[in-house]
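As a plain string of letters, each chain reads:
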Amino acid sequence: MTTDARSRRAIPARYVFFFLVFLMYAISYGDRAALSIALPTMGKEFSLTPVQMGWVSSSFLWSYFLLNLPSTIVLDLVGARAIGSLAVGVWSFAMLLGGMAQNITQFLLTRVLLGVGEAPTFGVGATVVRNWAQPRERGSVMTMLLTGMQLGLAGGTIAGAYLITFFGWRCEFMALGGIGIGWALVWWLVYRNPKAKPDAAPRKPISAREIRNLFRSSSFLGILAVQCTQNYLNFLVMSWMPLYLIHELHIDTTGTGNSTALCYLVAAIGAVVIGRILEHLVFRRGIHPPNRRFVVATCLLGAATIGLLPHFHTMMPILLVLSGALACLMAANGANTALLTDMVEDGGKMGAVTGVTLTCSNSLGLLSPILTGYIVSWTGSFDMAWYICAAALLIAGGLSLAMVRNPIRMDG
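It should be emphasised that the depicted structure is a prediction, and the values quoted were computed from it without experimental measurement. (Residues numbered from 1 in each chain as written. Predicted model: local features only at pLDDT ≥ 70, side-chain atom pairs only at ≥ 80, totals over all residues. Heavy atoms only, no water.)

*Asks:* What is the right way to look at the state of the cysteines in this model?
*Replies:* Should the sulfur atoms of two cysteines be covalently bonded, the bond is a disulfide. Taken as a whole and judged by the stated rule, the model has zero disulfides. No disulfide involves Cys 299; its sulfur sits 5.9 Å from that of Cys 328, the nearest cysteine. Residue classification places Cys 299 among the buried residues on the basis of a relative accessible area of 1%. The thiol of Cys 360 is not disulfide-bonded; the next cysteine sulfur, from Cys 228, is found 6.3 Å away. Judged by relative accessible area, Cys 360 falls into the partly exposed class, the value being 22%. (Disulfide = S-S within 2.5 Å. Buried < 20%, exposed > 50% of the residue type's maximum accessible area, 1.4 Å probe, protein only.)

*Asks:* What should I look at first to understand the nonpolar core in this one?
*Replies:* One recurring pattern in soluble globular proteins: nonpolar side chains tend to sit buried together. Counting 126 residues, the largest nonpolar core has Val 128, Trp 187, Ile 306, Leu 322 and Trp 386 as the members making the most contacts within it. If we skip the residues at most four places from it in the chain, Val 128 touches Phe 17, Phe 18, Val 21, Ala 80, Ala 133, Trp 187 and Tyr 191. (Core = buried A, V, L, I, M, F, W, Y, C linked by side-chain atoms within 4.5 Å. Contact = heavy atoms within 4.5 Å.)

*Asks:* Help me understand the pattern of salt bridges in this model?
*Replies:* Two side chains bearing opposite charge may form a pair once their charged atoms approach each other closely. Counted under the stated rule, the structure contains three salt bridges. As a salt-bridge pair, Glu 279 and Arg 292 come within 2.2 Å of each other at their nearest N and O atoms. In this pair, Glu 279 is assigned in helix α11 (residues 253-282) and Arg 292 in helix α12 (residues 292-303), connecting sequence segments 13 residues apart. The closest approach of N and O atoms between Arg 292 and Asp 342, which form a salt bridge, is 2.7 Å. Here Arg 292, found in helix α12, pairs with Asp 342, found in helix α13 (residues 315-343); they are 50 residues apart in sequence, far enough to count as distant. A residue is classified by how much of its surface remains accessible, and Asp 342, at 18% relative accessible area, is buried. In the salt-bridge network here, residues are joined through shared partners; they are Glu 279, Arg 292 and Asp 342. (Salt bridge = Lys/Arg side-chain N within 4 Å of Asp/Glu carboxyl O. Helix = DSSP H or I, 4+ residues; strand = E, 2+ residues; numbered from the N terminus.)

*Asks:* What is the right way to look at the environment of Leu 309 in this model?
*Replies:* One can find Leu 309 in the loop between α12 and α13. Placed 12 residues apart in sequence, Leu 309 and Val 321 show a C-alpha to C-alpha distance of 6.8 Å. Residues in contact with Leu 309, not counting those within four places in the same chain, are Tyr 244, Ile 318, Val 321, Leu 322 and Trp 386.

*Asks:* Just to check I follow, could you spell out the packing of helix α2 (residues 13-46) against helix α3 (residues 50-78) for this structure?
*Replies:* Packing of α2 against α3 leaves a shortest axis separation of 9 Å and a crossing angle of 150 degrees. When the axes of α2 and α3 are compared, the pair comes out roughly antiparallel. Like other packed secondary-structure pairs, α2 and α3 cross with a definite hand, here right-handed. Judged by residue contacts, Arg 32, Leu 35, Leu 39 and Gly 43 of α2 engage Met 53, Val 56, Ser 57, Phe 60 and Tyr 64 from α3. (Axes fitted to C-alpha atoms, helices over the stretch in contact; angles between N-to-C directions. Parallel < 35°, antiparallel > 145°, perpendicular 65-115°, else oblique. Left-handed = near helix turned anticlockwise from the far one by under 90°.)

*Asks:* What am I meant to see in empty space enclosed by the protein here?
*Replies:* Over the atoms, a rolled probe matching the size of one water molecule traces out where space is still vacant. On inspection of all chains with the given rule, the structure shows four cavities of 30 Å³ or more. For the largest cavity, the calculated volume is near 200 Å³. When residues in the lining of the largest cavity are grouped by element, the largest group, six residues, is from helix α10 (residues 218-249). Looking at the lining of the largest cavity residue by residue, the classes come out as 12 nonpolar, 11 polar and one charged. Looking at the second largest cavity, the residues that line it are Arg 32, Leu 35, Ser 36, Ser 57, Phe 60, Arg 111, Met 238 and Ser 239. Elements with a contribution of two residues or more to the lining of the second largest cavity: α2, α3 and α10. Here the lining of the second largest cavity gets three residues from one element, more than from any other, and that element is α2. (1 Å grid on protein atoms, 1.4 Å probe; cavity = no way out; pocket = protein on both sides within 12 Å on 5 of 7 lines; lining within 4 Å. Points joined across faces, edges and corners; volume = space filled by probe spheres on them. Nonpolar A, V, L, I, M, F, W, Y, C, P; charged D, E, K, R; others polar.)

*Asks:* What's the story with the packing of α10 against α13 in this structure? I'm lost.
*Replies:* When two helices pack together, their arrangement is given by the angle between the helix axes and the distance between those axes. Put simply, α10 and α13 touch, their axes get as near as 10 Å, and they point 155 degrees apart. By the angle between their axes, α10 is roughly antiparallel relative to α13. Between α10 and α13 lies a crossing whose hand is left-handed. Grouping the amino acids of the contact of α10 with α13 by side-chain chemistry returns 18 nonpolar, seven polar and one charged.

Put into structure tokens, the structure is as follows:
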């Protein structure tokens, strides 16, 4: 075979990079799911109340929220290769330590370290997509990459359920930590940052004035509103779905793990299908980036069906509603993230812009497990939590349609 024939058959490097980002998201959310499925067992071991479980579930978000922006500023200066390997290596080491914790204080400290490592995760993904994906495919690429979140949640939940049943929750944490350390080594060996143009100006970190100008952009505020509301529901489901299913359906740990994993798998497939169909319909007459907001709003409308959950109390309708709402939520997330990468004019600061977005949205996501814990403690059910999410998603969809129209400029 000639060299030309081999080069034509070789997989383009960018697809390898996208696949590794997909795996990074899967590992990240698999590690997050580890706590949700272990929480019933840990709650008994450490004698935790529902309110305390809510605080434990949110603990990794404390450092995650604080470091979103600083870590992505460093990402823009150093590049995705070094930051990706360091981030995944740190949070995977935190998972190993979590499996060794002997009391709740030690465990909380490992969750804070987990948040330190996970802080630049989505900045790395957005930077890779901005650098290597073509404008026409960014929405589809981002949605497919974000399905890694759901597959990670599915894999982490079902693997965790069986590991906990046969070996205990500590084994679950240590096994998932080992997988992440392996990914960090592969990323360092495989990924390469794009070559800078010879006449390119030296990289500069995002300034306070540029951040201030972001918040003067109606398009950025519309995108941010969507990010905040979808993050709230995402963290609620990620933290509480196993306990919700136990509460409603009275099933054991392995049954909960299987049901939760099924929801995530169906949602991942549905998100890709929904995203591609809606993008085809919206862009059938050509690419006009602001029109992606119609995809976002339509998906948020579908995600708002989560508000129907209080009306069902048997397995099949609950799983159908959860799967459909999560599929639409993920498709909305992919479209909204692609919308941000499209609308920001200075792509060289995509990591920091993502960091600003996540800092704001995670401040709301931080409250989700905690507030839900109080709602369950006060009312004895999850109903009010689902109603709040449905209303917020509908409002965010309307804001996206009304506000996201013009490019996002940071230079005034």
